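Listed here are the chains, written in short residue letters.
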There are 2 protein chains.
Amino acid sequence: MDVAIVAFDDFTDIDVFLPWDLLNRVNQSEWEVHIYGTKDFHRSVTGLTIPVHRKIEQLTYADAVLFASGPGTRALYKDEAYLRRIKLEPSTQLIGSMCSGALILGALGLLDGKTATTYPSAKKALQKFGVQVVEHPIVVEDRIATAAGCLAAQDLVGWMIQTLLNDKVKDAVLRSIQPVGQGLKF
Amino acid sequence: MDVAIVAFDDFTDIDVFLPWDLLNRVNQSEWEVHIYGTKDFHRSVTGLTIPVHRKIEQLTYADAVLFASGPGTRALYKDEAYLRRIKLEPSTQLIGSMCSGALILGALGLLDGKTATTYPSAKKALQKFGVQVVEHPIVVEDRIATAAGCLAAQDLVGWMIQTLLNDKVKDAVLRSIQPVGQGLKF
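What comes next is a walk through the structure. A quick note: this is a predicted structure, and the numbers were derived from the prediction, not measured.

Once chain B has been moved 0.0 Å along the axis and rotated by 180°, it coincides with chain A to within an RMSD of 0.0 Å. Put plainly, the chains are arranged around a two-fold axis. Of all interface residues in chain B, 100% are interface residues in chain A too; the two copies therefore contact each other through one and the same surface.

A few words on the environment of T46 of chain B. Relative to the assigned elements, T46 of chain B resides in the loop between β3 (41-43) and β4 (49-51). On the basis of neighbour count, T46 of chain B is assigned to the partly exposed category, with 17 C-beta atoms found within 10 Å. Setting aside its immediate chain neighbours within four residues, T46 of chain B contacts W20 and N24 of chain A together with D13 of chain B.

Taking 1.5 Å of rise per residue, 12 residues should cover 16 Å, and helix α6 (residues 153-164) of chain A covers 16 Å from first to last C-alpha, within 8% of that figure. When α6 of chain A is considered as a whole, its buried residues turn out to be A153, Q154, D155, L156, V157, G158, M160 and I161 of chain A.

To continue, consider the interface of chain B and chain A. Every contact between the two is made by 32 residues of chain B and, on the other side, 32 residues of chain A. If you list the elements that add at least two residues to the side of chain B that touches chain A, you get α1 (13-23) and β4 of chain B. Here the side of chain B that touches chain A gets 6 residues from one element, more than from any other, and that element is α1 of chain B.

Turning our attention to the packing of helix α1 (residues 13-23) of chain A against α6 of chain A. The angle between the axes and the distance between the axes are what describe a pair of packed helices. Residue and element names in this part refer to chain A. Between α1 and α6, the least distance of the axes is 10 Å, while the angle of their chain directions is 40°. Overall, the two elements α1 and α6 adopt an arrangement that is oblique. Taken as a pair, α1 and α6 cross one another with a handedness that is right-handed. Contact residues: D15, L18, P19, L22 and L23 in α1; A153, L156 and V157 in α6. Grouping the amino acids of the contact of α1 with α6 by side-chain chemistry returns 7 nonpolar, no polar and 1 charged.

One finds I5 and V6 of chain A together with I5 and V6 of chain B to be the most contacted residues of the largest nonpolar core, which totals 134 residues. Residue contacts for I5 of chain A: discarding those within four places in its chain leaves V16, P19, W20, V33, I35, Y36, L66 and A68 of chain A.

Right, let's talk about the sheet that holds strand β10 (residues 138-141) of chain B for a bit. Residue and element names in this part refer to chain B. Across the sheet, which stays open at both edges, the 7 strands sit in the order β5-β2-β1-β6-β7-β11-β10 with mixed pairing between neighbours. One side of each edge strand has no neighbouring strand; the edge strands of this open sheet are β5 (54-55) and β10. Bridge count for strand β1 (residues 2-6) against strand β6 (residues 64-67) is 4 bridges, and the pairing is parallel. Looking across to β6, one finds that I5 is bridged to L66. Relative to β1, α1 is tilted by about 165°, and along the sheet it contacts β1, β2 (32-37), β6 and β7 (94-98). On top of the sheet, helix α6 (residues 153-164) reaches β1, β6, β7, β10 and β11 (144-147); it is set at about 170° to β7, its chief contact.

Residue and element names in this part refer to chain A. In this structure, E141 sits in strand β10 (residues 138-141). Note: C-alpha distance between E141 and L111 (30 residues apart in sequence) is 9.0 Å. Excluding residues that lie within four positions of it along the chain, E141 makes contacts with K114 and T115.

Moving on, we get to α1 of chain B. Most of α1 of chain B is tucked away, with 11 of its 11 residues classed as buried. Turning to α1 of chain B, its buried residues number three or more, namely D13, I14, D15, V16, F17, L18, P19, W20, D21, L22 and L23 of chain B.

Residues and elements named next belong to chain A. Residues A64 and L66 of strand β6 (residues 64-67) are buried on one face, and the alternating residues V65 and F67, pointing to the opposite face, are buried as well. The pairing of β6 with strand β7 (residues 94-98) spans 4 bridges and is classified as parallel. Bridge pairing links L66 to G96 in β7.

Conventions adopted
- Residues numbered from 1 in each chain as written.
- Chains lettered and ligands numbered in written order.
- Predicted model: local features only at pLDDT ≥ 70, side-chain atom pairs only at ≥ 80, totals over all residues.
- Least-squares fit on C-alpha atoms with pLDDT ≥ 70 in both.
- Contact = placed C-beta atoms within 7 Å.
- Helix = DSSP H or I, 4+ residues; strand = E, 2+ residues; numbered from the N terminus.
- Buried ≥ 20, exposed ≤ 12 C-beta atoms within 10 Å, placed from the backbone.
- Expected span 1.5 Å × (residues − 1).
- Axes fitted to C-alpha atoms, helices over the stretch in contact; angles between N-to-C directions.
- Parallel < 35°, antiparallel > 145°, perpendicular 65-115°, else oblique.
- Left-handed = near helix turned anticlockwise from the far one by under 90°.
- Nonpolar A, V, L, I, M, F, W, Y, C, P; charged D, E, K, R; others polar.
- Core = buried A, V, L, I, M, F, W, Y, C linked by C-beta atoms within 7 Å.
- Pairing = 2+ DSSP bridges.

Here is the structure:
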């Protein structure tokens, strides 16, 4: 399985790094996680730079695609040249978004007539795509899921792992980051 | 206020990035967060490289110091040359650790006769310092706190913000990453 996290300049740190860390806890052969973007490095909203492994044209070959979030989405979801570079196929790929990453799904036409969630500050912009926006941590519509509020990355990644692999792996991954004495035992 | 996150090679991604993201949500003048280490860049256990802002000798000037976690701690807590470079003063600085970062606090003699928590796999090594290790998400002993289980970074960072600033800022920061509909509202 090939899982993609889509980053960009001005990403919200935790919306890339929490999915990245969780997805990398899947300890299986033929399970790969890569960061996709448009440059060799992208810079977070706090100024951290991270390496980009693959360009967004290659998203078409991934089994699952997770769009991160952050102020950077506000320009990208209106950027026709950026959107044209992304070819996704929701009948075969799992597609998900964190927070304002839903705006890119909306702009790609992937949420037409669907229900979705997003970060509070992106709600109105998402509604303009005719999306019914609901106040839920995660909304799953067939093979497309939107999640909102950084810690809901657990729900989104959990859904991807459960769908691509199984419940047992999902549970082990999510348990491994819980606080000691609250899910994680000595 | 000058807050330090101590990173190293083979750090656990989320144990640097969750504190980093949370601490950077404090929107106050004269509040700075930097990553400290021994090289210009450090590499996470999953292979991400991040820039290091300051060297560990400068930890002595920070108001609060948070040691991250990861397999990299296992060599460092036995590395006398590394430990000698770190000068901390628990009577004036706040000092905290995530997970196995407690081993470095132990090796620095900061947990002598104290109670602490750590990641399950580091429990025995921490006990060898004469520390009473308990299965709690966070243990606060005066100006030293140990937290364990990645998501307990919320408790550790919350304690730092509350102690250095106030409850109101702490609550706003922690609320901003909760899942939508579960702490974060439209």
